Amino acid sequence: MRTAIILTVILSSGIEDTFGALCSGNPGNTKRGCDRYGCGNYGASRNGYHNLGLDITCADGATVYAPFDIRLNAHVRPYGNGNKIDDGIQFTGQGLCVKLFYVKPDKIKGWVKKGERIGIMLPMQGVYPGITSHVHVEMCDRSDPTEYF
């Protein structure tokens, strides 16, 4: 009986069970497919480089939520050019370090509980008309985040 209890605890504590919805309007964290700008899967080819993250669909202006209990660590700029979508946030939690791009963060330091608002989706259509608007999820170590979705 003791072994069964331990196994239950191990199986129910997996990270795959802890990711909540990233964006309002996308409770299942639907991944971006392909459009005229490329594909949203990890490793997809993009004009001479590879996508080092996973794109989760999110409408421009949608609320972005903490996918699990997190500690906000830093403000990030994916492009460094100051365009309309050059904003994001880095956070840690569940033993992971994650960056979200194309998000205007509400704040860049502090603790946030799973499901609480961390920011809003920026206007991708203003930079890439016709793209499937999305939050780019990138692990700090650049490993593939797909297994968590």
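Please refer to the structure higher up on the page.
Remember, it's a predicted structure, so these values are computed and weren't measured experimentally.

The next subject is the overall build of the protein chain. For the protein chain, the helix and strand inventory stands at one helix and 13 strands. Its helices and strands taken in sequence order, the protein chain reads α-β-β-β-β-β-β-β-β-β-β-β-β-β from the N to the C terminus. With 149 residues in all, the protein chain has 42% of them scored as buried. For the protein chain, long-range pairs separated by at least 24 residues make up 62% of all intrachain contacts whose partners lie at least 6 apart in sequence. Accessible surface for the protein chain amounts to roughly 7,800 Å². Of this, 54% is attributable to carbon and sulfur atoms.

Right, let's get into the layout of surface pockets. Computed from the structure, the largest pocket encloses a volume of approximately 490 Å³. What lines the largest pocket is a set of 21 residues, and nearest its centre among them are Arg46, Tyr49, Asn51, Tyr79 and Tyr102. For the lining of the largest pocket, the secondary structure elements donating two or more residues are strand 4 (49–50), strand 9 (96–101) and strand 13 (134–139). In terms of residue count, strand 13 provides more of the lining of the largest pocket than any other element does, three residues in total. Broken down by class, the residue content of the lining of the largest pocket amounts to ten nonpolar, five polar and six charged.

Another aspect to go through is the sheet that holds strand 5 (residues 54–57). A sheet is described by the order of its strands in space; here six strands give the open sequence 5-13-9-8-7-11, paired in antiparallel fashion. Each edge of the open sheet carries a strand with a single partner, namely strand 5 and strand 11 (110–112). Averaged over all neighbouring strand pairs, the angle between strand axes comes to 35°, with direction disregarded.

A few words on the environment of Gly93. Assignment of secondary structure puts Gly93 in strand 8 (residues 88–93). Through-space distance from the C-alpha of Gly93 to that of Phe68 is 7.2 Å; in sequence the pair is 25 residues apart. Setting aside chain neighbours within four positions, we find Gly93 in contact with Phe68 and Asp69.

In this section: the pairing of strand 9. Examined bridge by bridge, strand 8 and strand 9 share six bridges and lie antiparallel to one another. If you follow Gly88 over to strand 9, its bridge partner there is Phe101. The hairpin turn running from strand 8 into strand 9, its antiparallel successor, is two residues long, and Gln94 in that turn takes a positive phi close to 55°. For strand 9 and strand 13, the ladder comprises four bridges, and the chain directions are antiparallel. Looking across to strand 13, one finds that Lys99 is bridged to Glu138.

Basis of the calculations
- Residues numbered from 1 in each chain as written.
- Predicted model: local features only at pLDDT ≥ 70, side-chain atom pairs only at ≥ 80, totals over all residues.
- Heavy atoms only, no water.
- Helix = DSSP H or I, 4+ residues; strand = E, 2+ residues; numbered from the N terminus.
- Buried < 20%, exposed > 50% of the residue type's maximum accessible area, 1.4 Å probe, protein only.
- Contact = heavy atoms within 4.5 Å.
- Areas by Shrake-Rupley, 256 points an atom, 1.4 Å probe, with all protein chains shown as cover.
- 1 Å grid on protein atoms, 1.4 Å probe; cavity = no way out; pocket = protein on both sides within 12 Å on 5 of 7 lines; lining within 4 Å.
- Points joined across faces, edges and corners; volume = space filled by probe spheres on them.
- Nonpolar A, V, L, I, M, F, W, Y, C, P; charged D, E, K, R; others polar.
- Pairing = 2+ DSSP bridges.
- Axes fitted to C-alpha atoms, helices over the stretch in contact; angles between N-to-C directions.

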